[in-house]
Amino acid sequence: MHITDIIRKAGAEGKPRFSFELLPPLKGDGTQRTFEAIDPLMEFSPIFCSVTYHREDVKYVEKENGLLERHTVRRRPGTVGISAAIMQRYGLTVIPHLICGGQSRYDIEDALIDLDFLGIQNVLALRGDNLKGEHTFRNHPDGHLHASELVEQIERMNRGVFIDGEVEQCHNTNFCIGVAGYPEKHAEAPNKAEDLRRLKEKVDAGAAYIITQMSFDSAKILSFIDDCRAAGIDVPIVPGIKPFSTKAQLTMLPQIFHVDLPEALVETVKRCNNNAEVREAGVEWAIAQGRELIAAGIPVLHFYTMGKTDNMVKIARALF
Ligand code: FAD
């Protein structure tokens, strides 16, 4: 089923629902931990889960002659496989993320064919982060520079147009394409208006829904949705919420995700004696945020779990 239909159905039923993001297992890990994270959430009937895509890390290996050799390794491969495994085990709709970074258009086409054969009809199309240590995004020589180009490729494939031209088909792909939106602006965008214009380009290229970057401020999320509507972006927008969980996130989250932390949240976290207390405070903040967004008529909330869902269970019990 397409995510857009699932979201619209949730809206029509008038009962708030949730979805969550997972990471694929680290290389060498099996599926066990992933399933253990999902198991306790199933009684709250999540409407979908998404699985991140991780590009390669750069690693330098010293050779016998003392010279350093540059290697790239992927620490979390398996997005497609774990997505299919989750779908098979739980019957849950899964959205694998797909990124431009490190991939040619042919790699992407192959991945889409795999997803199609596995019966996965939803994807989240992203540019991807920069390679570690690089300050600007570099695309694969035969890849895409912006997520909008990836959306175009998937959309063309849905119309039966593959990279090397039209294919005489007896089967069409039917992907429902989602993209990322940024309530607090993407870090590289010169201003909010320009970022919104780029978001509209992705929707015009074929994106049918938006999942937002985390924001700890519901007013910012709601104002972003208003701005999208005013800019003519009329697809469903699913706000992303991150349950705060460690003191280190006070510096890490603004640095990595370029989001502001409300003063009240910072003060609460600073008063905590340990990370167990921070995790509880994070649950309370996420519940309060969830209540504000649900009261404003948002039908579906998306939670960033990082693969640990004990806190998510408490949030789900309070809200859904
Ligand atoms: P784009 O839409 O391409 O935008 C990137 C920047 O370029 C923006 O500043 C935009 O304004 C600008 N821009 C867009 N088009 C143009 C153009 N034509 N000309 C000039 N500027 C332009 N990263 C991963 O590596 N793996 C994941 O699984 C992953 N999942 C994510 C899930 C969500 C919900 C979100 C919000 C982010 C996720 N990310 C992930 C991070 C994401 O890849 C980064 O934020 C990345 O820097 C931007 O991706 P994008 O798809 O928004 O890019």
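Residues numbered from 1 in each chain as written. Predicted model: local features only at pLDDT ≥ 70, side-chain atom pairs only at ≥ 80, totals over all residues.

A. Examining the confidence of the model for the protein chain more closely. Looking at the protein chain as a whole, its pLDDT mean stands at 95, while 100% of the residues score no less than 70. Quick note on the complex model: pTM equals 0.97, ipTM equals 0.99. (pLDDT = per-residue confidence, 0-100.)

B. Just unusual backbone geometry, in detail. With a phi angle near 55°, His-258 is a residue other than glycine that sits in the positive phi range. Along the polypeptide, His-258 turns up in the loop between α8 (249-257) and α9 (263-271). With 14 C-beta atoms counted inside 10 Å, the residue His-258 sits in the partly exposed group. (Helix = DSSP H or I, 4+ residues; strand = E, 2+ residues; numbered from the N terminus. Buried ≥ 20, exposed ≤ 12 C-beta atoms within 10 Å, placed from the backbone.)

C. A look at the site of the ligand. In the vicinity of the ligand, 22 residues are found, and the nearest of them are Thr-52, His-97, Arg-127, Ala-147 and Ala-180. Mapped by element, the contributors of at least two residues to the shell around the ligand are β5 (94-99), α5 (147-158), α6 (192-205) and β10 (209-214). Considering every element that reaches the shell around the ligand, the biggest residue donor is α6, with three residues. Of the residues assigned to the shell around the ligand, the class counts are seven nonpolar, eight polar and seven charged. (Near = placed C-beta within 6 Å. Nonpolar A, V, L, I, M, F, W, Y, C, P; charged D, E, K, R; others polar.)

D. Highlighting helix α4 (residues 105-117). Look at α4: 18 Å from first C-alpha to last across 13 residues, which is about the 18 Å you get at 1.5 Å a residue. For α4, the full list of buried residues reads Ile-108, Leu-112 and Leu-115. Projected down its long axis, α4 carries its buried residues within an arc of 60°, all on one side. Those residues of α4 hidden inside the fold are in contact with α3 (79-90), β5, β6 (122-126) and α5. One or two residues past the end of α4 sits Gly-119, with phi positive at roughly 80°. (Expected span 1.5 Å × (residues − 1). Arc of directions from axis to C-beta. Contact = placed C-beta atoms within 7 Å.)

E. Region of interest: helix α7 (residues 218-230). Here α7 is 13 residues long and its end C-alpha atoms lie 18 Å apart, about the 18 Å a rise of 1.5 Å per residue gives. Along α7, the residues classified as buried are Ser-218, Ile-221, Phe-224, Ile-225 and Cys-228. In a view along the axis of α7, the buried residues occupy a sector of 120°, so they form one face of it. Exposed side chains of α7 directed beyond 90 degrees from the buried face belong to Ala-219, Asp-226 and Ala-230. If you follow the buried residues of α7, they end up packed against β9 (176-181), α6, β10, β11 (237-241) and α10 (275-295). One or two residues past the end of α7 sits Gly-232, with phi positive at roughly 90°.

F. Molecular detail of the nonpolar core. Counting residues in each nonpolar core, the largest one holds 72 residues, and the members touching the most others are Leu-98, Val-123, Ala-125, Val-151, Ile-154, Ile-177 and Ala-207. The residues touching Ala-125, leaving out its near neighbours within four places in the chain, are Leu-98, Ala-147, Leu-150, Val-151, Ile-154, Ile-177, Gly-178, Val-179 and Ala-207. (Core = buried A, V, L, I, M, F, W, Y, C linked by C-beta atoms within 7 Å.)

G. Representation of the packing of α4 against α5 within the structure. With their axes 11 Å apart at the nearest point, α4 and α5 run at an angle of 50° to one another. Relative to α5, the element α4 lies oblique. As for how α4 packs across α5, the hand of that crossing is right-handed. Contacts between α4 and α5 involve Arg-105, Ile-108 and Leu-112 from the first element and Leu-150, Gln-153, Ile-154 and Met-157 from the second. Grouping the constituent residues of the contact of α4 with α5 by class yields five nonpolar, one polar and one charged. (Axes fitted to C-alpha atoms, helices over the stretch in contact; angles between N-to-C directions. Parallel < 35°, antiparallel > 145°, perpendicular 65-115°, else oblique. Left-handed = near helix turned anticlockwise from the far one by under 90°.)

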